[in-house]
Amino acid sequence: MAKKRLQKKRAITQKQEPEILKVETSKTEPVKVETSKTEPVKVETSKVEPVKVETSRTEPVKLETSRVEPAKVETSKVEAVKVETSRVEPVKVETAKVEPVKVETAKKEPVKLEAPADMNIYNERFQKHYDELKWLYCELYQDREDVMSYLNDLTANMKAFYNDRNAALRTSDRKREADPDWYKRNNLLGMMMYVNNFAHTLKGLEENLDYVQECNVNYLHLMPLLASPEGRSDGGYAVADFRTVQPELGTMDDFAELTSKCHEKGINICLDFVMNHTSEDHEWAKRARAGEKEYQDRYFFFDSYDIPALYEETCPQVFPTTAPGNFTWLDDIHKHVMTTFYPYQWDLNYRNPVVFNEMVYNMLYLANQGVDIVRLDAVPYIWKQLGTNCRNLPQVHTIVRMMRMICEIVCPGVLLLGEVVMAPEKVVPYFGTVEKPECHILYNVTTMASTWHTVATKDVSLLRRQLDILGSLPKEYIFQNYLRCHDDIGWGLDYDFLKNFSIDEVSHKKFLNDFFTGKHPGSDSRGELYNDDPVTQDARFCGTTASMCGIEAALFEKNDEKLERGIREDLMLHAYMLTQSGIPMLYSSDEIGRLNDYSYKDDPDKAADSRYIHRGAFQWDLAKKRKSKTSVEGQIFQTLSRMEQIRRQESVFDKDCDVYTYDVHDDSILCILRQKGNERFIGIFNFSDSEKTAWMQEEGTFRDLITDQTLELKDVVLPAYGFMWCKRM
């Protein structure tokens with residue numbers, strides 16, 4: 001396969017490691033070699049024959065490899081590089097201007113003063129990480145005799161992407177390097193949204209950033225917006241081109257302009273990086289389908305079903321009803337291809353170093369467009385190995401660690417957010433260690449699922465256990481907390497613990513799904529199931545926060561009492577979410593109590609995917625009601641806004657606080673204690689639909705942070721779904 005072919009063609013490169021290492025470590029001379037010749041290609045063509053495997057694989061994928069050769073990345077700025085043999089960053093300053101001379105004449109001294117310092121900074125970062133990067137890379141690809149040629153290609157391109165990074169982003173990098181805890185404080189509030197749903201286009205979003213700021217949001221997660229085929233996009237997670245924006249949303253220039261405007265307003269941008277697979281419409285996939293073995297080796301192709309059958313023995317199915325199995329038969333070329341998710345999403349083969357390098361280049365390209373937080377989608381799945389479940393393998397952690405180091409060298413202001421939808425013991429390792437960190441932030445998936453379990457059971461036992469586990473973890477670990485997101489809710493709970501309450505996994509999942517679809521007696525929740533498997537009786541749930549809290553049912557029934565209770569439940573859950581350490585993340589429209597949108601069923605491209613029930617268009621007519629104290633939208637928006645501001649102002653919400661759960665002798669009341677020095681905060685949350693008492697005898701006087709009233713915390717009575725935020729005076 002690819003390995004033998006690459007080994008044959010690259011036989012000549014086996015001794016190139018010393019020269020390239022010198023190029024990287026001698027700081028300036030390497031670039032002089034490249035720039036004085038302006039043909040880095042020639043530097044690489046000294047390995048032309050061996051690297052023809054790579055260059056032949058690069059030219060076809062022009063969009064992917066325009067950045068593979070440092071020369072190509074800089075072609076529009078070649079003259080600038082010639083002028084700046086010392087690598088002054090006109091390249092970085094003039095990335096979009098193409099008139100280095102003009103910029104140099106206007107800002108001659110600053111540029112000449114800055115550039116050497118910048119390269120010194122780069123070289124310091126590089127030297128700090130290179131030994132470990134080399135070790136991990138060579139260990140991962142130890143079966144490749146020409147491994148160093150791939151590593152040298154990687155490091156040369158890292159420098160090229162650094163040179164292409166604009167002045168504003170480099171300045172931000174330096175500030176964040178000097179303040180590495182910038183994202184760990186209590187002043188970040190996130191919101192995830194689909195650009196087309198919120199404002200139709202990127203320019204439309206730019207015009208509505210004032211609303212985003214009114215929501216107190218300074219961290220905006222834009223759902224997938226890169227090119228993907230209509231009808232086979234999986235909501236944008238089937239990427240056909242990592243360097244092109246979906247045309248209906250705008251262009252990559254529009255995106256870069258949006259990120260720049262956001263940065264001016266203090267808003268950070270997060271973008272999904274789908275690294276497990278590409279769309280079957282991706283250039284690589286098209287060439288693989290056309291029979292080019294080099295591109296087939298970037299995926300998992302098999303002539304017979306023998307090996308796929310062995311994978312299927314140990315690999316669970318992700319979508320057993322909508323996309324059963326882990327392989328797809330391609331009748332036109334008579335081959336099987338691995339497709340863990342949907343048949344049109346072909347799994348990438350990270351055993352091939354070309355795949356790792358090229359995907360890193362894509363990530364760095366997006367970082368250079370102004371992305372602050374890279375969301376690593378489905379990261380546990382990226383390494384495949386026969387005889388395993390192809391989840392969370394050690395090589396995954398090696399890859400993530402290398403990506404972290406590469407970012408710290410090229411763009412240290414960029415964070416990695418890991419999407420690890422796994423059991424708690426599988427999630428925490430993705431933080432890495434203090435000495436060798438991996439992801440900066442992880443989703444708090446299990447706590448989210450445990451929260452909705454608590455809503456259904458009205459018993460906080462499991463949630464208390466989950467929060468106590470989180471409270472015992474190092475304070476450096478930052479979780480992203482949320483109630484709802486673009487995806488379904490999977491019931492991945494701690495069933496070993498629930499066995500203590502005679503709760504069986506299969507029957508409990510059915511109870512939860514019945515409760516939230518409104519089938520269970522007494523439930524006012526509304527929503528739909530996703531991937532309902534009749535064999536395992538397993539399914540996931542879809543719906544908005546407001547509809548799950550009964551607001552939809554109350555409005556339909558015109559029941560004012562239920563409506564008041566539903567609004568209170570919605571706010572109580574947000575208050576509880578905001579009480580947790582980490583970064584709170586809202587789902588766009590939840591701030592105005594958006595209900596389920598059933599119109600997706602009228603769209604043939606969406607009708608089979610019930611997740612679109614909570615992916616509806618933003619309703620600006622309802623948003624206009626947010627300032628009314630009597631409307632549903634106003635009651636939710638205004639109270640939520642007040643809580644967000646309090647959280648940002650009060651130091652008791654810092655990550656450095658000690659956090660405990662507090663037993664108030666009622667299984668339906670959750671009490672959270674946050675303590676920092678002499679400051680003491682107590683949050684009390686009633687998960688019951690009836691009045692309850694928190695049996696407690698706290699000493700001293702407290703202030704209710706929301707109502708600003710002074711009170712004592714002695715046997716506190718809470719209405720159905722009531723809550724309190726109290727700080728000792």
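Residues numbered from 1 in each chain as written. Predicted model: local features only at pLDDT ≥ 70, side-chain atom pairs only at ≥ 80, totals over all residues. Heavy atoms only, no water.

## A look at the nonpolar core
Reasoning step 1: By size, the foremost hydrophobic cluster in this structure holds 193 residues, and its most contacted members are Leu220, Leu222, Phe356, Trp452 and Trp725.
Reasoning step 2: Core analysis: the second largest hydrophobic core is formed by 16 residues, Ile669, Ala694, Met696 and Phe702 among them. (Core = buried A, V, L, I, M, F, W, Y, C linked by side-chain atoms within 4.5 Å. Buried < 20%, exposed > 50% of the residue type's maximum accessible area, 1.4 Å probe, protein only.)

## Section: the sheet that holds strand 7 (residues 301-302)
Reasoning step 1: Strand order in the open sheet formed by 3 strands is 7-9-8, with antiparallel pairing between adjacent strands. A strand with exactly one partner marks an edge of an open sheet, and here the two such strands are strand 7 and strand 8 (327-330).
Reasoning step 2: Of the strand pairs in this sheet, strand 8 and strand 9 (residues 335-338) are connected by 4 bridges, and their pairing is antiparallel. Looking at strand 9, one finds that leucine 330 is bridged to lysine 335. (Pairing = 2+ DSSP bridges. Helix = DSSP H or I, 4+ residues; strand = E, 2+ residues; numbered from the N terminus.)

## Focus: the pattern of salt bridges
Reasoning step 1: Counting across every chain of the model gives 49 salt bridges.
Reasoning step 2: As a salt-bridge pair, aspartate 173 and arginine 165 come within 2.7 Å of each other at their nearest N and O atoms.
Reasoning step 3: Taking relative accessible area as the criterion, aspartate 173 reaches 2% and is therefore assigned buried.
Reasoning step 4: The shortest N-O distance in the salt bridge between aspartate 658 and lysine 475 comes to 3.0 Å. In this pair, aspartate 658 is assigned in strand 18 (residues 658-661) and lysine 475 in the loop between helix 25 (461-471) and strand 14 (478-482), connecting sequence segments 183 residues apart. (Salt bridge = Lys/Arg side-chain N within 4 Å of Asp/Glu carboxyl O.)

## Things to note about the pairing of strand 16 (residues 538-542)
Reasoning step 1: Where strand 15 (residues 528-533) lies against strand 16, 4 bridges are found, and the strand directions are antiparallel. Paired with leucine 529 across the strands is phenylalanine 541, a residue of strand 16.
Reasoning step 2: Between the antiparallel neighbours strand 15 and strand 16 lie 4 residues, among them glutamine 537 with a positive phi of about 60°.

## Quick word on the side chain of asparagine 268
Reasoning step 1: With respect to the element layout, asparagine 268 can be found in strand 5 (residues 268-274).
Reasoning step 2: A residue is classified by how much of its surface remains accessible, and asparagine 268, at 7% relative accessible area, is buried.
Reasoning step 3: At 2.5 Å, the side chain of asparagine 268 and the side chain of arginine 176 are in polar contact.
Reasoning step 4: With sequence-adjacent residues up to four places away left out, asparagine 268 is seen in contact with Arg176, Trp182, Leu188, Asn218, Tyr219, Leu220, Asp372 and Ile373. (Polar contact = N/O pair within 3.5 Å; in protein donor to acceptor, adjacent residues only side chain to side chain. Contact = heavy atoms within 4.5 Å.)

## Here's the deal with the packing of helix 24 (residues 445-457) against helix 30 (residues 560-579)
Reasoning step 1: At a closest axis distance of 12 Å, the pairing of helix 24 and helix 30 adopts a crossing angle of 145°. With respect to the hand of their crossing, helix 24 and helix 30 are arranged in right-handed fashion. Across from Thr447, Thr451, Trp452 and Val455 in helix 24, the residues of helix 30 making contact are Glu569, Leu573 and Tyr576.
Reasoning step 2: Per-class residue counts for the contact of helix 24 with helix 30 are 4 nonpolar, 2 polar and 1 charged. (Axes fitted to C-alpha atoms, helices over the stretch in contact; angles between N-to-C directions. Left-handed = near helix turned anticlockwise from the far one by under 90°. Nonpolar A, V, L, I, M, F, W, Y, C, P; charged D, E, K, R; others polar.)

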